[in-house]
Amino acid sequence: MEISAIRLEALKEIGNIGSGHAATALSKLLQARIDMSVPKVWLVPLEKLGEALGEYDTVQVALYLKVEGDAPGKAIFVLPIESARVIAQKLLSLPERPDIFSDEMAQSALQEVGNILVSSFIIALSKFSGVLLHPSIPAMAIDMVGAIIDGVLLEEGIIDDDVLIIDTKLSGVKEVEGKFFFIPSKGSLDKLLGVFGI
């Protein structure tokens, strides 16, 4: 899909609104002021996703959910391991950063954070576009990014040719960078942007 400047601007606005909702919800959860900015938004053809990320073989924490409704798809928020440890430590008020590979409490806390972050993006996307969307219960994985995304792509359903990537940067507890992916089902992105006549 060729993406026009006006469509890219609309997608960035969606990212900014979603990140604002996510930051507010996360601030309440962590009881600390959290800000979230969106330095970059882009649409990447599926076959060039690995090239765009440049980190397919890096182990990270992925928080994933299905998006159902009038413009379905799959949503993933990816965090570096150290960022996930910082968030879990703050959330659980621990004296040191937990081992998220084995600490079930830390994993549960991160799953709740994923629920808040990804659901906030989806709810904002729904409100901004007026298209009805419902996030499912999130799942969490700790693996190479490529393996996680490949697993998501292998699930049933016909997906679109492009993936929406929203770079996010959290600040407040400690600066944390993450990426939000929306992998739309066939026609979903056109439906979301079509309501603006673009």
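The rules behind these values
Residues numbered from 1 in each chain as written. Predicted model: local features only at pLDDT ≥ 70, side-chain atom pairs only at ≥ 80, totals over all residues. Heavy atoms only, no water. Buried < 20%, exposed > 50% of the residue type's maximum accessible area, 1.4 Å probe, protein only. Helix = DSSP H or I, 4+ residues; strand = E, 2+ residues; numbered from the N terminus. Arc of directions from axis to C-beta. Pairing = 2+ DSSP bridges.

Caption draft 1: View of helix α5 (residues 145-153). By the burial criterion, the buried members of α5 are V145, G146, I148, I149 and V152. Axial view of α5: buried residues confined to an arc of 165 degrees, hence all on one face.

Caption draft 2: Just the pairing of strand β2 (residues 59-69), in detail. Pairing geometry for β2 and strand β5 (residues 139-144), over 6 bridges, is antiparallel. The partner of L63 across the bridge, within β5, is M140. Pairing analysis gives 8 bridges linking β2 to strand β3 (residues 73-80), with the strands arranged antiparallel. When the sheet's bridge partners are listed, A62 is paired in β3 with V78. Linkage of β2 to β3, two consecutive antiparallel strands, is achieved through a turn of 3 residues. Where β2 and strand β4 (residues 133-135) come together, 3 bridges link them in antiparallel fashion.

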